[in-house]
Amino acid sequence: DEMLQSTGAARGAWDQLASLVGMRSWDEVSARRDDVVQLLEDHGVQYGGEGSDEPWRLDPLPVLLDESEWHTIEAGLAQRSELLDEILTDAYGPRRLLSSGVLPPEVILGHPGFLRAADGVTLPGAHQLFLAAADIARNAAGQWQVLADRTQAPSGMGYAMEDRRVLAQVLAGLYRKARIHRIGPFFHAMRLALLDAAPPAAGDDPRIALLTPGPYSETAFDQAYLSAMLGFPLVEGGDLVVESGRLWMRSMDRLEPVDVLVRRVDAEYCDPLDLRGDSQLGVPGLLHAARQGGVSVVNTFGSGVLENAALLTFLPRICRELRDQDLILDSAVTYWCGERSMGSHVIGNLERLVIKPTARSSRGRSILGWTLTAAQRADLAARISAEPHRWVGQEPVDASTAPTVAGAALEARATVFRTFAVARPDGYQVMAGALARSAPTPNTMLVSNSAGAVAKDVWVLSSEPYALPDPWVHEGPAPSRLTASISPRVAEDMYWLGRYAERAEATIRLLRATADRWEDFHNSGGTTGGQALDVVAAALADVAAPGPLAEVLLEESRPGTVAYAIHRLTGVATSVRDQLSSDTWPALSAVERTLARERRRHVAPAAVEGAGNEFPPSGRTADRLIE
């Protein structure tokens, strides 16, 4: 357990903070949990794209690690990133690892992440792998192991910073007193690394943008948050165009150059001309521009080949071959089925291994062999035998547990850590922390966001006081914003953001006018007040269609209602999050929460009490709804 030793005593980091925690009762713990939920809602944090109601779950208790222990992890991650960088450089260069037999050719050339069209595409500088992420866990023996590498378009950095900011606010007293390594310097290093990655033709002021699949991506928040934090615009494929061997961003009246493109789109979808022809997410000619040196795309095209789980089998040998070193952090024991003896071992032990396809996809998830029936294992064995090079078997890692707030108790849940490293001229800088995720229940080994995992912040505690320099202070002139203008897509979304805000306000004003007159005049049809009520009621029906007043306010699927306008307003705001102040989100979230609360409170009673009526029977009810 990350908090307790086998003797039951607290580990060093937890013992160090015990006197500072300040949560001496379960009521205080519950209050902190409620504060976390409130802040995440205020900030509009979610997992899933536009239209998703999947909240981002964050535990109020961080995971604590000693600085001395973190130094070993940090060294191991830096070494691993450098090794993967050398493999990537070789795979799209001389390919000596393949010709010498150190690495079977099928592991590289037979993997869908290897893009032949990207052969020869290089980045300026010493490193071809710009950003590396690794999922690690502490095993039952207390040793850290790498479960998987993420090099295609690593996600989670934005969530890590948001988690840190939320806990720094909820646990403000503890956060100020504890000697916690900050993660801000990592993002400063990433910003400098992006400037360094620009092609020589970019000059002293390179232009940088972040390519997103769009607001429907499951990590849309993470992408927008990272874009806003780094100060670079968030662009979609339709915002970009390749001309004269360079990449340009469409603005309202001209094209503006883009020198470095941070892609959060899988490489094969980035260019429908040279790669996947049915993609609507990329930019035709982007690969050609990168090959000509007109733009640097990071992570570079083809880096997804490093996510091949079969590589875990060969990394120790490759590390000794290329670096004359042993791996500091071992990988989970992995058997590549493309090697005959390993394949036979996997098929003979399906009932106790984790089976993974070598290519990551939405349909190719890990299979826990002990959960399969005999018939399912036989079917899986046949699939492996048919294409052995596409499968690996992995010894299960009994990941360490961390205390997680659940209901009215703490539960020990399996926890996996996602770590990040960015290329710098002298090596790789590792984030002094991580995005941890705990299993949704105490008795499951599967830790993934799609399965309902709970996020946890990771605090690396220093043993001695140390200075906390501002990570954003640097010598020389301040780097300029990428562009002084915005793309037509962003301009249109900003226009509709304003229009839906206007519509919501106008409908609310009309609702208020109707409710103000209802109580006094709904039984006085011949009076002046009754006639006024008829006019405003007719106007309201014209805007939102006839129906109970509660529906005009709360029905999200009907155009003209307040809820419809707010739903559309939030949707376009999500698309342009990088353009908006962080103060926007608490206001939008408060409106959405109010509507949801009133919907739960009033829609069902209104369906019974007001059935057949144009408005609810009580003016006070209508007033309360509008408020």
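Residues numbered from 1 in each chain as written. Predicted model: local features only at pLDDT ≥ 70, side-chain atom pairs only at ≥ 80, totals over all residues. Heavy atoms only, no water.

Novice: Give me the lowdown on the pattern of salt bridges, citing residues and values where you can.
Specialist: Tallied over the entire structure, the rule returns 29 salt bridges. As a salt-bridge pair, R276 and E268 come within 3.9 Å of each other at their nearest N and O atoms. Given the relative accessible area of 35%, E268 is considered partly exposed. Among the salt bridges present, the one from E502 reaches R499, with a minimum N-O distance of 2.9 Å. Of this pair, E502 and R499 are both found in helix α14 (residues 488-521), three residues apart, which corresponds to roughly one turn of the helix. Since its relative accessible area comes to 47%, E502 is described here as partly exposed. (Salt bridge = Lys/Arg side-chain N within 4 Å of Asp/Glu carboxyl O. Buried < 20%, exposed > 50% of the residue type's maximum accessible area, 1.4 Å probe, protein only. Helix = DSSP H or I, 4+ residues; strand = E, 2+ residues; numbered from the N terminus.)

Novice: Before we move on, could you go through the nonpolar core and cite the residues and values that matter?
Specialist: Ranked by size, the top nonpolar core spans 73 residues in total, and within it L103, L240, L247, L261, L286, F301 and I318 carry the most contacts. The leading source of residues in this core is helix α3 (residues 67-91), at nine residues. Those residues in contact with L247, other than ones at most four positions away along the chain, are L240, V241, V242, E256, P257, V258, L261, V283, L286 and V295. Residues A178, A198, F232 and W459 belong to the second largest nonpolar core, which totals 55 residues. (Core = buried A, V, L, I, M, F, W, Y, C linked by side-chain atoms within 4.5 Å. Contact = heavy atoms within 4.5 Å.)

Novice: Now, about the sheet that holds strand β9 (residues 260-263): what can you tell me, with residues and values included?
Specialist: Judged by pairing direction, the sheet is parallel, and its four strands sit side by side in the order β5-β4-β9-β10 without closing on themselves. At either margin of the open sheet sits one strand with a lone partner, and together these are β5 (234-235) and β10 (296-298). Sheet topology note: the strand β4 (residues 208-211)/β5 ladder contains two bridges and is parallel. Within β5, the position partnered with L210 by the bridge is L234. (Pairing = 2+ DSSP bridges.)

Novice: Pulling in residues and values, what's your account of the pairing of strand β19 (residues 435-438)?
Specialist: Sheet faces and side chains relate simply in a regular strand, where the side chains alternate between the two faces. The alternating pattern of β19 places L435 and R437 and A436 and S438 on opposite faces, both of which are buried. Of the strand pairs in this sheet, β19 and strand β20 (residues 454-461) are connected by four bridges, and their pairing is antiparallel. The residue of β20 that forms the bridge with S438 is V454.

Novice: If you had to explain the sheet that holds strand β8 (residues 255-258) to someone new, which residues and values would you point to?
Specialist: With antiparallel pairing, three strands are arranged side by side in an open sheet as β6-β7-β8. Unpaired on one side and paired on the other, β6 (240-243) and β8 mark the two borders of the sheet. Strand after strand, the sheet turns through a mean of 40° between neighbouring axes, direction not considered. Strand direction decides the pairing type here: β6 and strand β7 (residues 246-250), joined by four bridges, are antiparallel. The residue of β7 that forms the bridge with E243 is R246. (Axes fitted to C-alpha atoms, helices over the stretch in contact; angles between N-to-C directions.)

Novice: Lay out the packing of aromatic side chains with the relevant residues and their values.
Specialist: Given two aromatic rings, one states the distance between the centres and the angle between the planes to describe the pair. Throughout the structure, instances matching the rule amount to eleven aromatic pairs. Ring geometry for F314 versus W336: centroids 5.9 Å apart, planes at 70°, classification edge-to-face. Taken together, the positions of F314 in helix α11 (residues 311-323) and W336 in strand β12 (residues 334-336) put the pair 22 residues apart, joining distant regions of the chain. Pair check on accessibility: F314 and W336 agree, each one buried. Among the aromatic residues, ring-to-ring pairing joins Y47, W56, Y159, F221 and Y225 into one connected group. Here the guanidinium or amino end of R246 rests over the ring plane of W248, the centre of that ring lying 5.5 Å away. The cationic tip of R577 hangs over the ring face of W585; the distance from NZ or CZ to the ring centre is 3.8 Å. (Phe/Tyr/Trp six-rings, centres within 6.5 Å; stacked < 30°, edge-to-face > 60°. Lys NZ or Arg CZ within 6 Å of the ring centre and 35° of its normal.)

Novice: Explain the pairing of strand β2 (residues 131-138) residue by residue, including any values.
Specialist: In terms of residue burial, β2 counts as a mostly covered element, since eight of its eight residues are buried. Bridge count between β2 and strand β3 (residues 144-150): six bridges; the pairing is antiparallel. What sits directly across from D135, in β3, is A148.

Novice: Give me the lowdown on unusual backbone geometry, citing residues and values where you can.
Specialist: Cis rather than trans, the peptide bond between V298 and N299 has omega equal to -10°. Tracing the backbone through its elements, the reader meets N299 in the loop between β10 and α11. Here S244, not a glycine, exhibits a phi torsion of approximately 55°, which is positive. Note that S244 resides in the loop between β6 and β7. Looking at S244, the relative accessible area reads 78%, which means it is exposed.

Shape descriptors only; they carry no functional weight alone.
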